[in-house]
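A closer look at the structure
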Amino acid sequence: MEDEVDPQTSREMGTEQPKPTSEVAPTGRRQALRDIRRELTDEELSSPGVQKLLLDDLERAESESEVLRSYVDRFHESDKRAAILEVQLRGSNAFEILFGTGIGLGGAIMGLAPLFWSDQPKGALALALGMLLAIGSIIGRVIRR
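Residues numbered from 1 in each chain as written. Predicted model: local features only at pLDDT ≥ 70, side-chain atom pairs only at ≥ 80, totals over all residues. Heavy atoms only, no water.

A word on the overall build of the chain
- A count of helical and extended segments in the chain gives 4 helices and 0 strands.
- Each helix (α) and strand (β) of the chain, taken in turn from the N terminus, gives the series α-α-α-α.
- For the chain, with 145 residues in total, the buried portion stands at 8%.
- Taking the contacts inside the chain whose residues are at least 6 apart along the sequence as the reference set, 39% of them involve residues at least 24 apart.
- When the accessible area of the chain is evaluated, it comes to approximately 12,600 Å², of which 61% is carbon and sulfur surface. (Helix = DSSP H or I, 4+ residues; strand = E, 2+ residues; numbered from the N terminus. Buried < 20%, exposed > 50% of the residue type's maximum accessible area, 1.4 Å probe, protein only. Contact = heavy atoms within 4.5 Å. Areas by Shrake-Rupley, 256 points an atom, 1.4 Å probe, with all protein chains shown as cover.)

Here's what the structure looks like:
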């Protein structure tokens, strides 16, 4: 017991106690506890106060883990829903492109019908084809929605 020196007394006398060589790097978020050594000796671990603090920290970490697990589950559910909605949106976009193309081509063919009108079968055929494309596109869009 005579070998042990009080840290306060040793500072006053100008002698410092040597630091332990197996010190663990300090971690943590609390500024006040940043420079505290994180190793505990067997004697310190046998103390009921230390055991209670460790058990309290363990319980707190487990409860935080449960909360975070629920967030992970909700994230996966939302991720699946987002993937499903993206697939539906891609199909909807493709359908909108087809609708626009059908209306555009139908209108263009109906607009060109007067050029072919003098040659009777071609003019009537162009008008009928243009109307079919336009009406088919409109009916497809109505059914889709």
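Section: helix α3 (residues 48-112)
- Relative to the 96 Å expected for 65 residues at 1.5 Å per residue, α3 spans 95 Å between its end C-alpha atoms, a close match to the ideal helical length.
- Where the residues of α3 are buried, they touch α2 (42-45) and α4 (120-144). (Expected span 1.5 Å × (residues − 1).)

Any functional reading would require information beyond the geometric quantities listed.
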